[in-house]
Amino acid sequence: MIPTCTGERDVYQFIKACDLACSAVEKDDLPILMKFDNTKLFDQALNVCLYRDMSDWEGMKLILLDAFEPQRLTSSLQIALNSHCIFKEDWTELFFFIEHGGKLLCLICNKTITVMKEYNVRRHYDNEHKAKFENLTGELRQNKIKHFLTSLSSQQNIFKSQNTRNEASVRASYVVAEMLAKNNRPFTDIEFFKKCMLAVTNEVCPEKIKLFGEISLSTRTCVRRTEELGNNLFSQLKDIIPSLDCFSIAIDESTDISDTAQLLIFIRGIDKEFNIYEELADMCSIKGTTTGEDIFKNIENSFEKLGLLLKKLISITTDGGKNMSGIHKGFVGRIKTKMIDNKFEIYVPISDVLK
Ligand SMILES: [Zn+2]
């Protein structure tokens, strides 16, 4: 009696029955048996056999096994593999190995082995340490293992405290760089500050002097840290800008001691949730002339760099200079022309309170 075959669930009974039937019938009757077998295929089993050569039993068996067996095989193989890859407690006493962060760690030489197999552990022990540790038995062996374990944990503690100390000293150098920047101090001041700090430490807690000496507080570090802080602020601002519903700008231009005009652009914007942001958005150095057109071009560049859209601009405040507030050739006139050209709604009130 041949059962029906629909798929993975009953394929084995079907194969077993067909095997039996094939061995029982005469060779001449095999084609008839095959036709009969084919009428027993349904659903998934019928699907996988469609348009295939089903005239001989060995071929048909292969097709069915191919379609329904692999999943079962790989899953059972995985289980078999997993059961072999488990750390066994007695490996510590036998081979001086412990499980550490998902790997095997040799207590003697601190080497790690990724594949958790007794063969690997034994081979390492036999090749590297057996000669020296073979004669260590009983309590002596246990004591040795304890000794290795204590020194391992103290090593890890040293690494841990070293790490937190490094982190703290990096953070400290950022904090100092920020303080200098906020107080308009030159970068070189940091070295003087370090001397003061070390002198104070030497008086108050001389045992900590090494710790404070490790903090990186050179002029170069200070420059780098300040640049990084600036870049971070810039990228924070860039992230906020797309969410702004509208914004206003305040610009101020003045000339520094090297006769270079410095243009400062402040922005104040508001988003849908009524959060207000106010930041120094950019600073441009203008060499040569500082006509309204020059200023306009620099501001246009900054807008592009930050992703600010001209149509969201609702107000401008300037320092009141002619090149700024001139209605025709000044910056304000220039920006109005651009907005008219782009058919943006203009409701830009101009004030010149920055003086
Ligand atoms: Zn070892």
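Residues numbered from 1 in each chain as written. Predicted model: local features only at pLDDT ≥ 70, side-chain atom pairs only at ≥ 80, totals over all residues.

Caption draft 1: Seen up close, the sheet that holds strand 3 (residues 112–113). Taken in spatial order, the 3 strands line up as 1-2-3 in an open sheet, and their pairing is antiparallel. In the strand order of this sheet, the two ends are held by strand 1 (97–100) and strand 3, each with one partner. Of the strand pairs in this sheet, strand 1 and strand 2 (residues 103–106) are connected by 4 bridges, and their pairing is antiparallel. Each bridged residue has a counterpart across the sheet, and for H100 the counterpart in strand 2 is K103. (Pairing = 2+ DSSP bridges. Helix = DSSP H or I, 4+ residues; strand = E, 2+ residues; numbered from the N terminus.)

Caption draft 2: View of the packing of helix 1 (residues 11–24) against helix 4 (residues 57–68). With their axes 11 Å apart at the nearest point, helix 1 and helix 4 run at an angle of 165° to one another. Between helix 1 and helix 4, the angle is such that the two are roughly antiparallel. Of the two possible hands of crossing, helix 1 and helix 4 adopt the one that is left-handed. Taken together, the residues of helix 4 that come into contact with helix 1 (itself represented by V11, I15, C18 and C22) are W57, K61, L64 and F68. (Axes fitted to C-alpha atoms, helices over the stretch in contact; angles between N-to-C directions. Parallel < 35°, antiparallel > 145°, perpendicular 65-115°, else oblique. Left-handed = near helix turned anticlockwise from the far one by under 90°. Contact = placed C-beta atoms within 7 Å.)

Caption draft 3: Broad picture of the confidence of the model for the protein. When pLDDT is averaged along the protein, the result is 84, and 92% of the positions lie at 70 or above. Of all secondary-structure elements in the protein, the lowest mean pLDDT belongs to helix 5 (residues 70–84), at 50, while helix 9 (residues 189–204) reaches the highest, 92. For residues 79–83, every residue scores under 50 in pLDDT, and the model assigns this stretch 0 contacts once sequence neighbours within four places are set aside. (pLDDT = per-residue confidence, 0-100.)

Caption draft 4: Molecular detail of the pairing of strand 4 (residues 244–255). Both strand 4 and strand 5 (residues 261–271) contribute to a ladder of 11 bridges, which runs antiparallel. If you follow I251 over to strand 5, its bridge partner there is I265. Following strand 4, the chain reverses through 5 residues before pairing antiparallel with strand 5; D259 in that reversal takes a positive phi of roughly 65°. Sheet topology note: the strand 4/strand 7 (residues 313–317) ladder contains 4 bridges and is parallel. Bridge pairing in strand 7 links F247 to L313.

Caption draft 5: Broad picture of the nonpolar core. Of all hydrophobic cores here, the largest spans 20 residues; its most connected members are F247, I249, I251, I265, I295 and F331. Excluding residues that lie within four positions of it along the chain, F331 makes contacts with G292, I295, F296, T318, N323 and M324. Grouped together as the second largest cluster of nonpolar side chains are 9 residues, C5, L41, A45 and M60 included. (Core = buried A, V, L, I, M, F, W, Y, C linked by C-beta atoms within 7 Å. Buried ≥ 20, exposed ≤ 12 C-beta atoms within 10 Å, placed from the backbone.)

Caption draft 6: Inspection of the environment of I108 at higher detail. Position of I108 relative to the elements: it lies in the loop between strand 2 and strand 3. I108 sits in the partly exposed class, given 18 other C-beta atoms within 10 Å. Measuring from C-alpha to C-alpha, the distance between I108 and F193 comes to 47 Å, with 85 residues separating the pair along the chain. Apart from the residues within four sequence positions on either side, I108 is in contact with F96, H129 and F148.

Caption draft 7: Seen up close, the environment of V121. Residue placement: V121 occurs in helix 7 (residues 118–133). Taking the C-alpha atoms as reference points, V121 and S169, 48 residues apart in sequence, are found 41 Å from one another. Apart from residues no more than four positions distant in its own chain, V121 is found in contact with W91, F95, F97, L104 and I113.

Caption draft 8: Structural detail: the packing of helix 12 (residues 292–306) against helix 14 (residues 331–341). Packing of helix 12 against helix 14 leaves a shortest axis separation of 8 Å and a crossing angle of 55°. When the interaxial angle is binned, helix 12 and helix 14 end up oblique. Where helix 12 crosses over helix 14, the two elements pack in a sense that is right-handed. Residues G292, E293, I295 and F296 of helix 12 touch helix 14, and the partners they reach there are F331, G333, R334 and I335. Considered class by class, the residues forming the contact of helix 12 with helix 14 number 4 nonpolar, 2 polar and 2 charged. (Nonpolar A, V, L, I, M, F, W, Y, C, P; charged D, E, K, R; others polar.)

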